[in-house]
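# Notes for the structure review
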Amino acid sequence: MARTVCLIPGDGIGPEVTRATRQVVDAAGAELDWLELPAGAGAAEEHGDVLPQQTLEAIEEHRLALKGPLTTPIGKGFTSLNVRLRKHFNLYAAIRPVRSIPGLKTRFDDVEIIVIRENTEGLYSGLEHEVIPDVVESMKVTTRTGCERIARFAFQYARERQRKSVTVFHKANIMKLSDGLFLDCARKMHREFGSSIEYNEMIIDAGCMEIVKDPSRFDMLLLENYNGDVVSDLCAGLVGGLGVTPGANIGDDCAIFEAVHGSAPDIAGQNKANPMALLMSAVMMLNHIDQRPVADRIKKAYNAVFSSGDLDALTPDVGGRGGTREFADAICRAI
Ligand code: NAI
């Protein structure tokens, strides 16, 4: 039976990359009913709300969404819609796989890191206030419940997929209580899940230096929210950038899949955006809903397009001369 997916095109390059992704997913024969929904700056103009009620209700009902990027104003304006969605649907685990793509030349060719990021707490609680003029406080909220459930998620994921190791990047030398609690929960889960999965801890600044020196040392990373956000983009840079890094936001009974990148206003509407990251997110979604043969078909096709070395089929961010539409068409031909 076809599964309904809430599709949010979003802002900036969002409509272009969602259109390309949908074209490929349909060509691969996925059994999906797309339900297109508004959110973001465009939705405010048309529906009077950046996150209209109809969008929330549809995700509430179908528990599955594929989302384009949403613009968040810097330093003023409304709260990040991404943060709101993750909190509203309790999508506490962000999975961001970072893998070298065959045929895409980067500094390293053997990267295979799964970044697991806590998605609902930490500094992204959005609790900020001006104590007195020119003095601002931001609250970092860390709970045992939140830390334990993300650590359990990470070790469960590692066990199910026979991963080798989980490394926690932290700053518990400075944030002794909050990152200390995060570490405490990670150690507890490691004890619960047994010693078949290697467990390591690194102070985040040293960890970042090690990861850019030799990413092959790392298998899975477990991080709290802010650290995870920053390190995911750092890892994306190891394999070709934001255009090729997918993501999933998972809760106990709802999942929203999205690329790691933002709305890229600098290239919006120019047929320059790489839809690969959202397409890879759609592949994660198809695996999540057990449409594995379709997911495999798409993976094989995009690997073939990258390996072919046809620069007219690739977008400029990965050295190509083509654009969003040419890339999607090439993958459809490969399928
Ligand atoms: P960004 O990810 O939009 O862009 C950073 C750089 O990467 C830009 O040079 C852009 O052209 C390039 N880039 C990003 N995605 C690309 C793609 N698919 N193909 C080719 N090049 C790509 O980050 P930025 O500029 O910091 O944020 C822009 C807006 O996006 C902000 O409002 C931010 O809040 C929002 N944002 C939304 C996210 C989401 O919806 N999940 C995630 C990150 C940022």
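Keep in mind the model is a prediction, meaning the values are calculated, not measured.

### Notes on the nonpolar core
One recurring pattern in soluble globular proteins: nonpolar side chains tend to sit buried together. The biggest cluster of nonpolar side chains holds 89 residues, and the ones touching the most others in it are Leu221, Leu222 and Ile298. With nine residues, helix α9 (residues 276-288) is the largest single contributor of residues to this core. Residues from two domains meet in this core; each of domain 1 (1-101 + 242-335) and domain 2 (107-238) gives at least three. Each residue touching leucine 222, except ones within four places of it in the same chain, is listed here: Ile116, Ile150, Ala151, Ala154, Val166, Thr167, Val168, Phe169, Phe182 and Ala186. Listed in part, the 17 residues of the second largest apolar core include Cys6, Ala58, Ile59 and Cys254.

### Some thoughts on the packing of helix α5 (residues 144-160) against helix α6 (residues 178-193)
The description of two helices packed together rests on the angle between their axes and the distance between the axes. The contact between α5 and α6 brings their axes to 8 Å, and the two run at 40 degrees. Here α5 is positioned oblique relative to α6, judged by the angle of their axes. Remark: the crossing between α5 and α6 carries right-handed chirality. Along the contact surface, α5 presents Arg144, Cys147, Glu148, Ile150, Ala151, Arg152, Phe155, Gln156 and Arg159, while α6 presents Leu181, Phe182, Asp184, Cys185, Ala186, Lys188, Met189, His190, Glu192 and Phe193. Tallied by class, the residues present in the contact of α5 with α6 amount to 10 nonpolar, two polar and seven charged.

Conventions adopted
Residues numbered from 1 in each chain as written. Predicted model: local features only at pLDDT ≥ 70, side-chain atom pairs only at ≥ 80, totals over all residues. Heavy atoms only, no water. Core = buried A, V, L, I, M, F, W, Y, C linked by side-chain atoms within 4.5 Å. Buried < 20%, exposed > 50% of the residue type's maximum accessible area, 1.4 Å probe, protein only. Helix = DSSP H or I, 4+ residues; strand = E, 2+ residues; numbered from the N terminus. Domains from an automatic or database assignment. Contact = heavy atoms within 4.5 Å. Axes fitted to C-alpha atoms, helices over the stretch in contact; angles between N-to-C directions. Parallel < 35°, antiparallel > 145°, perpendicular 65-115°, else oblique. Left-handed = near helix turned anticlockwise from the far one by under 90°. Nonpolar A, V, L, I, M, F, W, Y, C, P; charged D, E, K, R; others polar.

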